[in-house]
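Secondary and tertiary structure notes
Here's the letter readout for the chains.
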Amino acid sequence: MIDIRTAEELLKKALSMAPEYGFDEYEISYSSGTSMEISVFEGEIQSYERSDEQGLVFKGKKNGQMASSATNELDEDAIRYLLQSASESCNVLDDEDEDFIYCDPDNPRLIYSQITDAFSKNTYSSFAKLGLELEKDIFALDPSIKAVDYLSISCDRGLEMKMNSKGLYAYKDSDFVSLFAEARAEKDGQVKTGGHYWYGNDIDKFDKEAFLKVFKHKVTDKFGGSSVPSGKYRIILGNEAVISFFSTFMGNFSSYAMQKGISLLQGREGEMIASECFSLKETPMLDKALIKVPFDSEGVMTTEKYLIENGKFIKALYNLKTANKEGIKSTGNGMKGGIGITNTEIIPGDLDLNGLAEEIGSGLYITELNGLHAGVNTISGDFSLFCEGYKIEDGKITGPVEQITVSDNYYSVLKKISKVGNDIISEYMGSGEFFAPSIIIDDISVAGDK
Amino acid sequence: MLNDANIMRIMEAAMSRNADFADIFIEKRSTSSVGLLNGKVIKAGAGCDSGVGIRLMAGTNVVYVYSNDNDAESLIKLAKEAADALKGGDKGMIKELQEKSFSTPCDIKIDPMSVKKSDNVDFLRRSSDLALSYDPMITQVAASYTASKRMFRVVNSEGLNKEEEQTRMRFSIETIATKGNEKQTGRIAPGSMRGYEFINEYPIDDKTRECCDTALRMVNAGYAPSGKMPVVLGNGFGGVIFHEACGHSLESTAVGIKSSCFTDMLGKQIASPIVSAYDNARIKGEWGSYYTDDEGNESSDLLLIENGILKNYLVDKLGGRRMNCNPTGCARRQDYTYAPTSRMSNTYIAKGNDDPKDIIADTEYGIYCSQMGGGSVDTTTGEFNFAVNEGYMIRNGKIEEPVRGATLIGKGAEILMNIDRVGNDLELAAGMCGSISGGVPVTVGQPTIRVSSILVGGREDEEA
């Protein structure tokens, strides 16, 4: 791995060579990552992975067209390859929408370091000790647990440095620790699986007791389930399912999708698109977020904003290119060559999970949605998904259900949300975290055994 | 690139402690792509990556380290770290390196990587223009082309020394039909390891029209009904049912730790007697093919199921150690950043005897799924789900109105036993499969088949 000074020299070299290839504006970034992961199986450290990676990405504008190229080789030949291939790409592009290389005159140097002592503390031996103990603890949870098929703990560190012809220097780094376990339980000839995860940047903050409590519930409470008759149900969509569901449709808030006519939210800013109890907000610097995002990939400062406030669609997400097309400012959502969202939150309500169940009286509590990569039409919003969950009878969560699907439409669901809970959890989604509680959705189609 | 002397120094470092086996995977990849939206070229890109993965084994314990720092001294240091981290095992010997052998499953006259981007653009624009003028309801057309070349060399402590080159290309056309607030898509996405002649011979005009027709029919379709019913699955990408419902559960990743629903089932009836299935990585020029797998073993044409009886699992080296059997040449990975695991290649249900028309004619009521979307499976419970992209009601032996928004769910073991008709129209289709060793190109396939009962998740009781 090259050191940061050498990387800086390499970037400067690329910037000095770019005009030779006909570029008018250009930007180059260096990124590097280090990772370590252990997996435990049957009382042994069954696998250990360790990696070092680095790479360069070039973006350049020539004849009004912007193209990019990437390599993980780091020498002058690699730079020539980057410039040459981006230049060739510019020659075939005929994008009507102008793209930009940018530097905020008020913030030409953007530096944000979030590196912790994770890597010095999270050594192979500390992970191995925790992993082996955790496997034993999982087996001790319940006699029905027959195997821990997957248990891994990993630590990742990444940094990115960027320079451009407009004078931008941007640097950010962060690290991330995650743990995932999945177990198999067997009872009366039935086999069930369940898993749970944890992430953070300090393994000492891993609360094993809390983790095991949820884990036990997710693995051992699924036995004896039956299907339910097909029909319309009031459901609680559990917090994990809320995150997977709403993140699947986030692309519809992209101004790019709207401008290209592939989001049904196009031209609907200011309109009530959801129930009044529902608000969705992006807070890039959210206090409780593990990784804060002060600026986006284009060097634009990020902003706090409601996407939906009390049911009303407030604002779409813009990068430099889509904002320019509409004559407005970027919202700081230019991420990795497209549009992305950082730390996002569904604003919680008052009721906890039991309160939501009481509110429903009878219905279903859906804890997991499967097949989200296939069973949804992200444009029309239609979905039909295999799910897991429990019955709600007399205001209490009771026995499990199995072999059912829920089907409806995303845009209809937004308007059918009748209560938002307060049992917030979070999940890391790539460019930020998604925080969400469980919610009640009225009148949703369930396919079961009739 | 690393020379043989340095490769052996890395090997010595890897085997310096208690590893009984080590392999070194050296890879170089390059890609070229263009993307059009509504006839305008909005994306063009290129990439080039290389890296090295070093795997050490002691019994069934594995250490995997990788880096794109191709400097020999850095890699030796990494290999030593790996050796220190490996637990258990007895120190193995390093055998002398065999002479390097080269293979390629490609069937290429015109190298896709050598074709100018402007030619790719012309091809995609032809389809795009045709689609946009096909019907006023076709409002968007996205088209893309990607070519990639992957060269890798595998050297192991047993003297194995293999090199393979794989050049693949794939393009996709996605048409969107709009009716009020409703948008539905039609999609084609063929892929191959043949040369650019594949594109030159491809009936792009007809396929584009079919793609538009799908989107137009679906945007006018009502919702699918819910409940258990007979389902006729069309040929080609319909094979995703077998890939999900059975294939993944036959991989040694699951079978080797006894977590698969098909563990200890060799020689037993796991499917209806009219079902035979293969995983054949050796079809020259096919999208999911390879001749040498990512741990250097020769790939195979593997009989998985014969007349309903389970004949073979897909086994990689680690799986072979766990299951006490030989690898079947199915170890694959997305790239050097993943350790290899058992994966599928070109996996299909073999052709049967029925005329597809008769299968429909003999079905009183059910759904005909002519185009499948993707899906997923829990290999332990066998529970799967997959989406229907284009479906029709069958009533009284006739294909009737189109229906949308259906998902098929069930348990693999039950579905396989419930296949009651197998057509004679076998076809393969390209796809990408994601699993613990990353995304790899695979082909799925089948003739038209009928499953006597699957749970369909739809919502018939609403207005379209």
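Residues numbered from 1 in each chain as written. Chains lettered and ligands numbered in written order. Predicted model: local features only at pLDDT ≥ 70, side-chain atom pairs only at ≥ 80, totals over all residues. Heavy atoms only, no water.

1. Details of the environment of S300 of chain B
All names here are of chain B. Position of S300 among the secondary structure elements: in the loop between β11 (277–280) and β12 (301–306). Setting aside chain neighbours within four positions, we find S300 in contact with D279, N280, A281, R282, T328 and G329. Here the side chain of S300 touches T328 through a polar contact of 2.8 Å, landing on its backbone oxygen. (Helix = DSSP H or I, 4+ residues; strand = E, 2+ residues; numbered from the N terminus. Contact = heavy atoms within 4.5 Å. Polar contact = N/O pair within 3.5 Å; in protein donor to acceptor, adjacent residues only side chain to side chain.)

2. Here we look at the packing of helix α4 (residues 124–139) of chain A against helix α5 (residues 208–220) of chain A
Residue and element names in this part refer to chain A. Contact pair α4 / α5: the axes reach a minimum separation of 11 Å and the direction vectors enclose 40 degrees. Viewed along their axes, α4 and α5 adopt a mutual orientation that is oblique. Relative to α5, α4 is oriented so that their crossing is right-handed. Along the contact surface, α4 presents E133, L134, D137 and I138, while α5 presents K208, F211, L212 and F215. Looking at the contact of α4 with α5 residue by residue, the class counts come to five nonpolar, no polar and three charged. (Axes fitted to C-alpha atoms, helices over the stretch in contact; angles between N-to-C directions. Parallel < 35°, antiparallel > 145°, perpendicular 65-115°, else oblique. Left-handed = near helix turned anticlockwise from the far one by under 90°. Nonpolar A, V, L, I, M, F, W, Y, C, P; charged D, E, K, R; others polar.)

3. Some details on the sheet that holds strand β9 (residues 280–282) of chain A
Residue and element names in this part refer to chain A. Here we have six strands laid out as an open sheet, ordered β11-β10-β9-β14-β20-β19, and mixed in their pairing. Only two strands of the sheet have a single partner each, and these edge strands are β11 (312–313) and β19 (425–428). Along the sheet, helix α6 (residues 239–248) contacts β14 (344–346), β19 and β20 (433–436); its crossing angle with β20, the most-contacted strand, is approximately 130 degrees. (Pairing = 2+ DSSP bridges.)

4. Here we look at the packing of aromatic side chains
For the structure shown, the criterion picks out 30 aromatic pairs over all chains. An angle of 75 degrees between the planes, with centres 6.1 Å apart, marks the rings of Y66 of chain B and Y336 of chain B as edge-to-face. Taken together, the residues span a long stretch of sequence, with Y66 of chain B in strand β3 (residues 61–67) and Y336 of chain B in the loop between β14 (331–332) and β15 (341–342) at a distance of 270 residues. Here Y66 of chain B matches Y336 of chain B in class, with each residue buried. Put simply, the rings of F245, F246, F249, F278, F383, Y410 and Y411 of chain A pair up and form one aromatic cluster. One cation-aromatic arrangement involves R109 of chain A over Y169 of chain A; the distance from NZ or CZ to the ring centre is 4.6 Å. Lying across the ring of F41 of chain A, R322 of chain B places its NZ or CZ 5.6 Å from the centre. (Phe/Tyr/Trp six-rings, centres within 6.5 Å; stacked < 30°, edge-to-face > 60°. Buried < 20%, exposed > 50% of the residue type's maximum accessible area, 1.4 Å probe, protein only. Lys NZ or Arg CZ within 6 Å of the ring centre and 35° of its normal.)

5. Quick look at the domain arrangement of chain A
Residue and element names in this part refer to chain A. Taken domain by domain, chain A holds domain 1 (4–220) and domain 2 (231–447). For domain 1 versus domain 2, the separation of C-alpha centres amounts to 24 Å. Between domain 1 and domain 2, the residue contacts involve 31 residues of the former and 24 residues of the latter. For the pair domain 1 and domain 2, the two sides together bury roughly 2400 Å², of which 53% comes from carbon and sulfur. Viewed at the interface, domain 2 and domain 1 are joined by five salt bridges. Its salt-bridge partner being K260, residue D97 comes within 3.1 Å of it at the nearest N-O pair. Split by residue class, the side of domain 1 that touches domain 2 holds eleven nonpolar, eight polar and twelve charged. (Domains from an automatic or database assignment. Buried area = accessible area lost by both parts, 1.4 Å probe. Salt bridge = Lys/Arg side-chain N within 4 Å of Asp/Glu carboxyl O.)

6. As for the pairing of β12 of chain B
Look at any regular strand and the pattern is simple: side chains alternate between the two faces of the sheet. Residue and element names in this part refer to chain B. Relative to β12, β11 runs antiparallel, the two being bridged by four bridges. Looking at β12, one finds that N280 is bridged to D301. Examined bridge by bridge, β12 and strand β13 (residues 309–310) share two bridges and lie antiparallel to one another. Residue E306 lies in a different strand from β13, and its bridge partner there is I309. Hairpin connection from β12 to β13: two residues lie between these consecutive antiparallel strands, with N307 at a positive phi of about 45 degrees.

7. Focus: helix α1 (residues 4–14) of chain B
Within the span of α1 of chain B, buried status applies to N6, I7, M8, I10, M11, A13 and A14 of chain B. On its buried face, α1 of chain B sits against β1 (21–37), β2 (40–58), α2 (72–85) and β5 (138–156) of chain B.

8. Some remarks on the side chain of E251 of chain B
All names here are of chain B. Tracing the sequence through the fold places E251 in the loop between α6 (240–245) and α7 (252–255). For the buried E251, no salt bridge is present, and the opposite-charge side chain at shortest range is R343, 4.6 Å distant. Those residues in contact with E251 that lie beyond four places of it in its chain are L314, S342, R343 and M344. (Lys, Arg positive; Asp, Glu negative; His and termini not counted.)

9. Notes on the interface of chain A and chain B
One frequently used descriptor of interface size is the decrease in accessible area upon assembly of the parts. Between chain A and chain B, the residue contacts involve 68 residues of the former and 75 residues of the latter. Buried surface at the junction of chain A and chain B, summed over both partners, amounts to about 5600 Å²; 48% is from carbon and sulfur atoms. Run the count over chain A and chain B and you get five salt bridges. Among the ionic pairs, E81 of chain B bridges to R50 of chain A, the shortest N-O distance being 3.1 Å. Taken together, the links from chain A to chain B amount to 44 residue pairs in polar contact (both at pLDDT 80 or more). By residue number, the principal contributor to the side of chain A that touches chain B is strand β2 (residues 44–62) of chain A, which donates eleven residues. Looking at the side of chain A that touches chain B residue by residue, the class counts come to 20 nonpolar, 27 polar and 21 charged.

10. Concerning empty space enclosed by the protein
Residue and element names in this part refer to chain A. Tallied over the full model, the rule gives five cavities of 30 Å³ or more. In this model, the largest cavity occupies a volume close to 140 Å³. Contributing to the lining of the largest cavity are 17 residues, with K192, K222, E388, V401 and E402 lying nearest its centre. At the level of secondary structure, the elements contributing two or more residues to the lining of the largest cavity comprise β7 (190–200), β16 (382–393) and β17 (396–409). With five residues, the single largest contributor to the lining of the largest cavity is β16. Looking at the lining of the largest cavity residue by residue, the class counts come to five nonpolar, six polar and six charged. Its volume calculated, the second largest cavity comes out at about 70 Å³. The wall of the second largest cavity is formed by E160, K162, A170, Y171, K172, F295, D296, S297, E298 and G299. Grouping the constituent residues of the lining of the second largest cavity by class yields three nonpolar, two polar and five charged. Each of domain 1 (4–220) and domain 2 (231–447) gives at least three residues to the lining of the second largest cavity. (1 Å grid on protein atoms, 1.4 Å probe; cavity = no way out; pocket = protein on both sides within 12 Å on 5 of 7 lines; lining within 4 Å. Points joined across faces, edges and corners; volume = space filled by probe spheres on them.)

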